[in-house]
Amino acid sequence: MRKTAIVIALVLLGLATPAYGKSWINDQPALHRTSKPKTHSTRINCLPPGTGLNEVVSYGSNGHGNVTVQTKLAQLKARCRNRKLIDAKGREIRFHRPSCWGNPPADYLEIQQRENEELLKLQKTYTVIVFGCNPSIQ
């Protein structure tokens with residue numbers, strides 16, 4: 001009985017978890033977890049060249065809350081199929097990088113219009129991840 005009380009005290013204090021391995025009570029096998037809870041893996045090996053998992057897709061305020069490519073792909077439940085990056089719905093994922101300027105060029109409106117048209121065309125067929133501009137350079 002005393003052994004049981006000690007085990008219960010250790011479990012309550014978080015110093016022992018009888019759910020793994022053998023139980024300390026009567027050396028009986030404890031309930032095993034057959035696997036860890038399923039979480040989406042973002043080990044993606046089919047990213048386009050020049051795109052890294054740690055690149056920032058959108059910026060939060062004061063650098064807090066930045067969303068990375070890895071986070072965005074996890075949200076989309078992305079995976080590789082036939083060397084293409086696809087989302088949970090089976091749509092191919094593409095990346096779009098708009099131009100970002102500290103001091104825009106004279107023809108920036110035409111550039112923005114062309115990029116917006118390209119983005120709309122991509123969005124009709126693909127799931128598109130759009131990179132945001134770093135607010136520290138704008």
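## Comments concerning the environment of valine 128
Residue position: valine 128 is located in strand E6 (residues 127-130). Between the C-alpha atoms of valine 128 and phenylalanine 95, which are 33 residues apart in sequence, the distance is 5.6 Å. With residues up to four places along the chain from it excluded, the contact list for valine 128 reads Arg94, His96, Leu119, Leu122 and Gln123.

## Notes on helix H3 (residues 108-125)
Look at H3: 26 Å from first C-alpha to last across 18 residues, which is about the 26 Å you get at 1.5 Å a residue. Within the span of H3, buried status applies to Ile111, Glu115, Leu119 and Leu122. Burial along H3 is one-sided: seen end-on, the buried residues are contained in an arc of 70°. The exposed residues of H3 that point more than 90 degrees off its buried face are Leu109, Arg114, Leu120, Lys121 and Lys124. Elements that come into contact with the buried residues of H3 comprise strand E5 (93-96) and E6.

## What about the state of the cysteines?
Counting across every chain of the model gives 2 disulfides. A disulfide bridge connects cysteine 46 with cysteine 80, and the sulfur atoms are separated by 2.0 Å. Disulfide cysteine 46-cysteine 80: the torsion about the S-S bond is -95°, which places it as left-handed. Highlighted residues: cysteine 46 in the loop between helix H1 (2-13) and strand E1 (56-58) and cysteine 80 in strand E3 (residues 79-81), separated in sequence by 34 residues.

## Digging into the packing of aromatic side chains
Enumeration according to the criterion identifies 2 aromatic pairs in this entry. Geometrically, the ring pair formed by phenylalanine 95 and phenylalanine 131 is tilted, given 5.9 Å between the ring centres and 35° between the ring planes. Taken together, the residues phenylalanine 95 in strand E5 and phenylalanine 131 in the segment after E6 connect sequence positions 36 residues apart. A single burial state applies to phenylalanine 95 and to phenylalanine 131, both of which are buried. When the centroid spacing of 6.3 Å and the interplanar angle of 75° are considered together, the rings of tryptophan 101 and tyrosine 108 count as edge-to-face. A cation over an aromatic ring shows up here: arginine 94 above the ring of tyrosine 126, its NZ or CZ 4.1 Å from the ring centre. Of note, arginine 97 hangs over the ring of phenylalanine 131, and the distance from its end group to the ring centre comes to 4.0 Å.

## Topic: the confidence of the model for the chain
Any region with low pLDDT has predicted coordinates that should not be read closely. On average, the chain scores 78 in pLDDT, and the residues at 70 or more come to 67%. When mean pLDDT is compared element by element in the chain, E6 scores highest at 98, while H1 scores lowest at 50. Overall, residues 10-42 carries pLDDT values under 50, and its contacts beyond four positions in sequence, including any with other chains, amount to 37 contacts.

## Some words on the pattern of salt bridges
Between side chains of opposite charge, a pair can form as their charged atoms come close. For the coordinates displayed, the defined rule picks out 2 salt bridges. One salt bridge in this structure joins arginine 97 and glutamate 55, with 3.0 Å as the shortest N-O distance. Here arginine 97 is found in the loop between E5 and H3, whereas its partner glutamate 55 is found in the loop between H1 and E1, with 42 residues between them in sequence. Among the residues examined, arginine 97 registers a relative accessible area of 40% and is labelled partly exposed. Judged by relative accessible area, glutamate 55 falls into the partly exposed class, the value being 24%. With its nearest N and O atoms 3.1 Å apart, the salt bridge here joins arginine 94 to glutamate 92. Residue arginine 94 is classed as partly exposed on the basis of its relative accessible area, which comes to 31%. Residue class for glutamate 92 comes out buried when judged on its relative accessible area of 18%.

The rules we used
- Residues numbered from 1 in each chain as written.
- Predicted model: local features only at pLDDT ≥ 70, side-chain atom pairs only at ≥ 80, totals over all residues.
- Heavy atoms only, no water.
- Helix = DSSP H or I, 4+ residues; strand = E, 2+ residues; numbered from the N terminus.
- Contact = heavy atoms within 4.5 Å.
- Expected span 1.5 Å × (residues − 1).
- Buried < 20%, exposed > 50% of the residue type's maximum accessible area, 1.4 Å probe, protein only.
- Arc of directions from axis to C-beta.
- Disulfide = S-S within 2.5 Å.
- Phe/Tyr/Trp six-rings, centres within 6.5 Å; stacked < 30°, edge-to-face > 60°.
- Lys NZ or Arg CZ within 6 Å of the ring centre and 35° of its normal.
- pLDDT = per-residue confidence, 0-100.
- Salt bridge = Lys/Arg side-chain N within 4 Å of Asp/Glu carboxyl O.

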